[in-house]
Amino acid sequence: AFDAMATEVGDTQTSLREDIAERVRTEERLRASEASYRAIFDASEDAIFVFEIDSGAIVDANLKACATYGYSCDEMRRLDVARVSAGSRVYTQQDLMKLIARANAGEQMHFEWHRKSRQGSLHWDEVFLKRVTIGGKERILALTRDITEKKRAAEELSRQRETLFQREKLAALGSLLAGVAHELNNPLSVVVARAVLLEERGDQATHAAALKIRTAAERC
């Protein structure tokens, strides 16, 4: 009985050592995976936020997001979306929750957002929202990209196109008016010439009438 017990204890210890070794290997893989995730997360040139689905709280933000918005990572986790919204109608936390609910339902959200940094500068961002699994938990990933210069360039291009369009319309109108003036001048020159002849040859009444005709024709 003692031999059987010793064997069982030995097997149990071996199993425990194997379990502990496997747990250590799993933890090492998790740490390596976390390190890789963090390296990729912080190396991104786009601002990235991770939201908790139920509360809409920011559970993580990469270095680009902190630098872009002007807050520390700890401050980011306590940030309310209304503080960084600059639209004509400021986005509230309730608005964010509606967007998160749509993304959680499987919809890939893509929209533009007018926001402000901690320093008060205003920017336009292109925002992508998507449900992802991070660390075994369902989260909402938000990727934001500054498109302020892109929008400014598009607006300037639109303004230049409108200016060019107006110039082309004026040029076409000028060409049309020049053609109309030319077509009118030809018959009017005949009227003026005939009126001059009537002024020279007619009586006083004819002379007065011809003068009026010539004056009106010259005005035309």
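Above this text sits the structure in question.
Below or above, wherever it landed, is the structure these notes cover. Residue positions are counted from 1 within each chain, in the order its sequence is given. Selection of residues for local features in this predicted model requires a pLDDT of at least 70, selection of side-chain atom pairs for listing and counting requires 80 or more, and totals for whole chains, interfaces and linings are taken over all residues. As a rule here, side-chain values come from all non-hydrogen atoms in the structure, and water together with hydrogens is ignored.

**Remarks on the packing of aromatic side chains**
Here is step 1: The aromatic pairing rule takes the rings of Phe, Tyr and Trp, using the six-membered ring of Trp, and pairs them if the centres are within 6.5 Å, calling planes under 30 degrees apart stacked, those over 60 edge-to-face and the rest tilted. As enumerated under the stated definition, the model contains three aromatic pairs in all.
Here is step 2: Members of the aromatic cluster, joined through ring pairs, are Phe49, Phe51, Tyr69 and Trp113.
Here is step 3: By definition here, charges over rings are those cases where NZ of Lys or CZ of Arg is within 6 Å of the ring centre and within 35 degrees of the ring normal. Above the ring of Tyr69, the side-chain terminus of Arg115 is found at 4.6 Å from the ring centroid.
Here is step 4: Between Lys151 and the ring centre of Trp124, over which it is positioned, the NZ or CZ distance is 4.8 Å.

**Examining the nonpolar core**
General note: in soluble globular proteins, nonpolar side chains tend to be found buried as a group.
Here is step 1: Among the nonpolar cores identified, the biggest contains 25 residues, and Phe49, Phe51, Tyr69, Met76 and Leu129 are the most heavily contacted of them.
Here is step 2: Helix and strand definitions here come from DSSP, where helices need a minimum of 4 consecutive H or I residues and strands a minimum of 2 consecutive E residues; each element is numbered from the N-terminal end. When residues of this core are traced back to their parent elements, those giving at least two are strand E1 (47-52), strand E2 (58-61), helix H2 (63-69), helix H4 (93-104), strand E3 (109-116), strand E4 (122-134) and strand E5 (137-146).
Here is step 3: Here this core gets four residues from one element, more than from any other, and that element is H4.
Here is step 4: Residues in contact with Leu129, not counting those within four places in the same chain, are Leu99, Ala103, Glu107, Gln108, Met109, Phe111, Ile140, Leu141 and Ala142. Think of a nonpolar core as a cluster: buried Ala, Val, Leu, Ile, Met, Phe, Trp, Tyr and Cys residues, connected wherever their side-chain atoms sit within 4.5 Å. Only protein chains enter the accessibility calculation, which uses a 1.4 Å probe. A residue is then buried if its area is under 20% of the maximum for its type, exposed if over 50%, and partly exposed in between. Should any heavy atoms of two residues lie within 4.5 Å, those residues are counted as being in contact.

**Focus: the environment of Val59**
Here is step 1: Inspection of the secondary structure puts Val59 in strand E2.
Here is step 2: Relative accessible area serves as the criterion here: at 30%, Val59 is assigned to the partly exposed category.
Here is step 3: Aside from chain neighbours lying at most four places away, what touches Val59 is Val50, Phe51, Glu52, Arg77 and Arg139.

**So, the side chain of Asp95**
Here is step 1: With respect to the secondary-structure elements, Asp95 resides in helix H4.
Here is step 2: Given the relative accessible area of 13%, Asp95 is considered buried.
Here is step 3: Among the polar contacts made by the side chain of Asp95, one reaches the main-chain amide nitrogen of Thr92 at a distance of 2.9 Å.
Here is step 4: Those residues in contact with Asp95 that sit more than four places away from it in its chain are Arg89 and Val90. Think of a polar contact as two N or O atoms within 3.5 Å of one another; within protein, one of them needs to be a possible hydrogen donor and the other a possible acceptor, and neighboring residues in sequence only count if both atoms come from side chains.

**Some words on the environment of Ala86**
Here is step 1: Along the chain, the position of Ala86 falls in the loop between helix H3 (73-77) and H4.
Here is step 2: Each C-alpha atom, one on Ala86 and one on Arg201, is 82 Å from the other, the two residues being 115 residues apart in sequence.
Here is step 3: Those residues in contact with Ala86 that lie beyond four places of it in its chain are His114, Arg115, Lys116 and Leu122.

**Considerations on the packing of helix H5 (residues 148-201) against helix H6 (residues 204-219)**
Here is step 1: Contact pair H5 / H6: the axes reach a minimum separation of 8 Å and the direction vectors enclose 160°. Judged by the inter-axis angle, H5 sits roughly antiparallel to H6. With respect to the hand of their crossing, H5 and H6 are arranged in left-handed fashion. Residue-level inspection shows Leu188, Val191, Val192, Ala195, Val196, Leu198 and Glu199 of H5 in contact with H6, the latter providing Thr206, His207, Ala210, Leu211, Ile213, Arg214, Ala217 and Glu218.
Here is step 2: Grouping the constituent residues of the contact of H5 with H6 by class yields 10 nonpolar, two polar and three charged. Between N-to-C directions, angles span 0 to 180 degrees; the directions come from axes that are lines fitted to C-alpha atoms, helices contributing only their stretch in contact. Roughly parallel covers angles under 35 degrees, roughly antiparallel covers those over 145, roughly perpendicular covers 65 to 115, and oblique covers all other angles. Each crossing is labelled by how the near helix is turned from the far one, with a counterclockwise turn of less than a right angle marking it left-handed and a clockwise turn marking it right-handed. Gly is placed with the polar residues, together with every amino acid not listed as nonpolar (Ala, Val, Leu, Ile, Met, Phe, Trp, Tyr, Cys and Pro) or charged (Asp, Glu, Lys and Arg).

**What about the pairing of E3?**
Here is step 1: Should DSSP find at least two bridges between two strands, the strands are taken to pair. Pairing of E3 with E4 involves eight bridges; the strand directions are antiparallel. Looking at the pairing, His110 lines up with Phe128 of E4.
Here is step 2: Following E3, the chain reverses through five residues before pairing antiparallel with E4; Gly120 in that reversal takes a positive phi of roughly 95°.

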